[in-house]
Amino acid sequence: MNRSKLSQHTKIGDTLHTPFTGYLGNRMKETSWSRDKLPQFIWIALIFSTFDRNYAFKVLSDIIKELKKQQICIAELSEVLSLKEQEQEKWFDIIDMFIPKEVLSPLSIVFSSREYPYFFNRYCMPELDLELKITKLMQAIEKNLSFHSHESTDICFIVIWFYISAKKMLFSRECTMSTRALTEYYKHSHDEEVMSDYRPIIRATMQGLSVFMDGSFSHKFWDQLAQITSCKPMIIDYIHEDITMNKEFLTDSMKTLEFIGANVKDKYQSAKYTISMGIVTYIIKLYAEILDHELQNTISSRILFRTIVEAYINLKYLLYKEPSTPDVFEKFQSYGLGKYKLVMAKLREGKYQKDPDAHINSKLLEVYVNEVKDEEFTPINLGYFDKDNIRKKFELVGEMELYEIYYDYDTNYVHAFWGAIRESAMLLCDNPSHLYHNVPDYTMEQMLSDIDHDCIMVLKKVFSTISSYIELPDFFVNKYDMRC
Ligand SMILES: [Zn+2]
């Protein structure tokens, strides 16, 4: 299937619409073959699943002819099962003329005696093994879950013929491609080339027929089946790296920090040094937490990594702005303390009742806020630092790939958007009768791919950035090729 490129999307408001959603908008009604329609025709699926394809076509053609004679040419099970009992009897008598009863018997596990007494009594066949009935039904379902499968297209072909025979649909006898598809389809095997022309026509015709089909019968079918069979959650198994090997870069980074601390005493009083090395240390501490607590394959690592990336961009942005704004480091410090002051002031002014066990210590906040200068000289900036939003900062320092791929991806984790929840906290149920739904990872087993490679990639950028200002030790420069 060809996927629309981003350039083919249309921006309406703050949404990028695909060619489909942009054109149809609210008029678009999404339906699903498996969820909304398949249960209506599951009896046809059971016939195809039991017999050879050619024989199944023959038998179904005979059934259609007989049903037509009786003027009960109905394909949808919901309609059949809501007929008066006498009419149902006529319909099922015809089915039983051509099909052994055990073929439809698996449906008695879904259609209960309470709701469908006639069907249940006729097909429950208690002498048949229940597990075997379930297996047969599962096989028929699994083959037909995809609307684009050959098997589903065979079902569609039969349903269309039900409609034509019941005169609910007319087709021209002129020799068009559609006519050929509707009359020749069953004569060919799916390996034949002509079928690649016929199959899409059959499916498109079926879609036209089933637009207004009510999904409630089908939904009930799946609900019923879900109660009978259990979930089979699948976990994606990621290979865990040897973390002792990976810790080498962390150890070298910490040695480098110590080297810097011992060799740049002349810079100790400079705000530029304090702030840039503060950011670097914050980044290394986050990285150390990931490794020390073995978080490489966790949700937390994504959240920590995004903060690492943001801290790196702040550092690079400050160095970028310094020539035009010499006091940019002091401004960054003041901006951050203003953010602390806002929280501290709200607590101090009693806006909310203090919780002594909360992780926020208002007294310490007050100390930090007043540490560099008195808070009376610290404004509170409610906007972005230096007015540039985060995207703009990535752009100015030439790190758009980091923004558009890594930062944007991990933002899903920070904000707990569904993509991240699906990937990390939900599993795919491999039971076809549950329509491959998602189940919560109750046992906390799903891990994520290792983030260490990407952490090292960003940390190298961090060291490369500060090397324009602070000399790095030779061993680190040579070992990691830190030329800038
Ligand atoms: Zn399930």
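Residues numbered from 1 in each chain as written. Predicted model: local features only at pLDDT ≥ 70, side-chain atom pairs only at ≥ 80, totals over all residues. Heavy atoms only, no water.

Peer 1: Is there a simple way to think about the overall build of the protein in this case?
Peer 2: For the protein, the helix and strand inventory stands at 23 helices and 5 strands. Against the globule reference of 23 Å for 484 residues, the protein gives a C-alpha radius of gyration of 33 Å, more extended than a compact globule. The buried share among the 484 residues of the protein stands at 44%. Expressed as a percentage of contacts within the protein between residues at least 6 apart in sequence, the contacts between residues at least 24 apart total 70%. A total of about 27,500 Å² of accessible surface is found on the protein, and carbon and sulfur atoms cover 53% of it. Computed over 57 positive and 69 negative side-chain charges, the inter-centroid distance for the protein is 6 Å. (Helix = DSSP H or I, 4+ residues; strand = E, 2+ residues; numbered from the N terminus. Rg over C-alpha atoms; globule rule 2.2 N^0.38 Å. Buried < 20%, exposed > 50% of the residue type's maximum accessible area, 1.4 Å probe, protein only. Contact = heavy atoms within 4.5 Å. Areas by Shrake-Rupley, 256 points an atom, 1.4 Å probe, with all protein chains shown as cover. Lys, Arg positive; Asp, Glu negative; His and termini not counted. Charge placed at Lys NZ, Arg CZ, Asp CG, Glu CD.)

Peer 1: For this particular structure, what's the right way to read the sheet that holds strand 3 (residues 233–234)?
Peer 2: Two modes of strand pairing occur in sheets, parallel and antiparallel, and in both the strands are linked by backbone hydrogen bonds. Sheet architecture is open: 3 strands sit in the order 3-4-5, paired in antiparallel fashion. What marks the edges here is a single partner per strand, and that holds for strand 3 and strand 5 (438–440). Looking at chain direction, strand 3 and strand 4 (residues 426–429) are connected through 2 bridges and run antiparallel. Paired with Pro233 across the bridge in strand 4 is Cys429. (Pairing = 2+ DSSP bridges.)

Peer 1: Just to check I follow, could you spell out the coordination of the zinc ion for this structure?
Peer 2: Between any two of four tetrahedral donors, the ideal angle at the metal is 109.5 degrees; between two of six octahedral donors, it is 90 or 180 degrees. Surrounding the zinc ion are the protein donor atoms Cys231 (SG), Cys429 (SG), His434 (ND1) and His437 (NE2), at 2.1 to 2.4 Å. Given 4 donor atoms and angles of 101 to 118 degrees at the metal, the environment of the zinc ion is assigned as tetrahedral. Sequence spacing of the donor residues for the zinc ion, all on one chain, is C-x197-C-x4-H-x2-H. Classification of Cys429 as buried rests on a relative accessible area of 0%. (Donors = N, O, S within 2.8 Å, 3.2 Å for Na, K, Ca; no water. Tetrahedral: all angles 85-135°; square planar, octahedral: opposite > 155°, others 65-115°.)

Peer 1: What am I meant to see in a nonpolar patch on the surface here?
Peer 2: There is a patch of nonpolar side chains on the surface, built from Tyr340, Leu364, Val367 and Tyr368 and spanning about 360 Å² of accessible area. No other element matches the 3 residues that helix 18 (residues 362–369) contributes to the nonpolar patch. Given the relative accessible area of 41%, Tyr340 is considered partly exposed. (Patch = residues over 30% accessible without salt bridge, like charges linked within 9 Å, V, L, I, M, F, W, Y side chains within 5 Å. Salt bridge = Lys/Arg side-chain N within 4 Å of Asp/Glu carboxyl O.)

Peer 1: Hey, could you run me through helix 13 (residues 216–228) in this one?
Peer 2: The periodicity of an α-helix, 3.6 residues per turn, causes residues three or four positions apart to be oriented the same way. Across its 13 residues, helix 13 extends 19 Å between first and last C-alpha, which sits within 8% of the 18 Å expected from 1.5 Å per residue. The inward-facing, buried residues of helix 13 contact helix 2 (33–37), helix 3 (42–50), helix 5 (77–81) and helix 9 (130–144). (Expected span 1.5 Å × (residues − 1).)

Peer 1: Please explain the packing of helix 16 (residues 299–321) against helix 17 (residues 328–348) as it appears in this structure.
Peer 2: A pair of packed helices is captured by two measures, namely the crossing angle of their axes and the spacing between those axes. Across the interface, helix 16 lies against helix 17 with an axial gap of 9 Å and an inter-helix angle of 140 degrees. Between helix 16 and helix 17, the crossing angle belongs to the class labelled oblique. Where helix 16 abuts helix 17, its residues Asn314, Leu318, Leu319 and Lys321 lie against Val328, Phe329 and Phe332. Residues that form the contact of helix 16 with helix 17 fall into these classes: 5 nonpolar, 1 polar and 1 charged. (Axes fitted to C-alpha atoms, helices over the stretch in contact; angles between N-to-C directions. Parallel < 35°, antiparallel > 145°, perpendicular 65-115°, else oblique. Nonpolar A, V, L, I, M, F, W, Y, C, P; charged D, E, K, R; others polar.)

Peer 1: How do you make sense of the domain arrangement of the protein when you look at a structure like this?
Peer 2: When the parts of a complex come together, some accessible area is lost, and that lost area is often used as the size of the interface. Once the domains are mapped, the protein shows domain 1 (1–30), domain 2 (33–229) and domain 3 (243–479). With centres defined by C-alpha atoms, the gap from domain 2 to domain 3 works out at 58 Å. Counting from both sides, the interface comprises 10 residues of domain 2 and, opposite them, 6 residues of domain 3. Summed over both sides, the interface of domain 2 with domain 3 buries roughly 640 Å², with 72% coming from carbon and sulfur. The three residues of domain 2 that bury the most area against domain 3 are Leu145, Trp222 and Thr229, which together make up 51% of that side's buried surface. Run the count over domain 2 and domain 3 and you get 0 salt bridges. Summed over the shared surface of domain 2 and domain 3, the number is 3 residue pairs in polar contact (both at pLDDT 80 or more). When residues of the side of domain 2 that touches domain 3 are traced back to their parent elements, those giving at least two are helix 2, helix 9 and helix 13. (Domains from an automatic or database assignment. Buried area = accessible area lost by both parts, 1.4 Å probe. Polar contact = N/O pair within 3.5 Å; in protein donor to acceptor, adjacent residues only side chain to side chain.)

Peer 1: Mind showing me how you'd approach the packing of aromatic side chains here?
Peer 2: By convention here, two paired aromatic rings are described through the distance between centres and the angle between planes. The tally for this structure, following the rule as stated, stands at 36 aromatic pairs. Considering the side-chain rings of Tyr409 and Tyr413, the 5.7 Å spacing of their centres and the 65 degrees angle between planes classify their relative orientation as edge-to-face. Here Tyr413 and Tyr409 lie together in helix 20 (residues 400–414), a separation of 4 residues that amounts to about one turn. Cluster of aromatic residues (ring-pair linked, three or more members): Trp43, Trp91, Phe92, Phe111, Tyr116, Tyr118, Phe119, Tyr123, Phe162, Phe217, Phe221 and Trp222. Above the face of the Tyr163 ring, Lys168 is positioned so that its terminal group lies 5.2 Å from the ring centre. Looking at Lys393, its charged tip hangs above the ring of Tyr317, at a distance of 5.2 Å from the centre. (Phe/Tyr/Trp six-rings, centres within 6.5 Å; stacked < 30°, edge-to-face > 60°. Lys NZ or Arg CZ within 6 Å of the ring centre and 35° of its normal.)

Peer 1: Can you walk me through the pairing of strand 4 in this structure?
Peer 2: Successive side chains on a regular strand alternate, one facing one side of the sheet and the next facing the other. Pairing geometry for strand 4 and strand 5, over 3 bridges, is antiparallel. Counterpart to Met426 in the pairing with strand 5 is Pro440.

Peer 1: Please clarify how the nonpolar core should be interpreted in this entry.
Peer 2: Note on soluble globular proteins: their nonpolar side chains tend to be buried together. In terms of nonpolar packing, the biggest core is built from 70 residues, with Trp43, Leu107 and Phe111 touching the most fellow members. Examining the composition of this core, we find that 9 residues originate from one element, helix 10 (residues 150–165), more than from any other. Ignoring anything within four residues of it in the chain, the contact list for Phe111 reads Leu77, Leu81, Tyr116, Phe119, Phe120, Phe217 and Phe221. Judged by nonpolar contacts, the second largest core, of 56 residues, contains Tyr403, Ile451, Ile456 and Val462. (Core = buried A, V, L, I, M, F, W, Y, C linked by side-chain atoms within 4.5 Å.)

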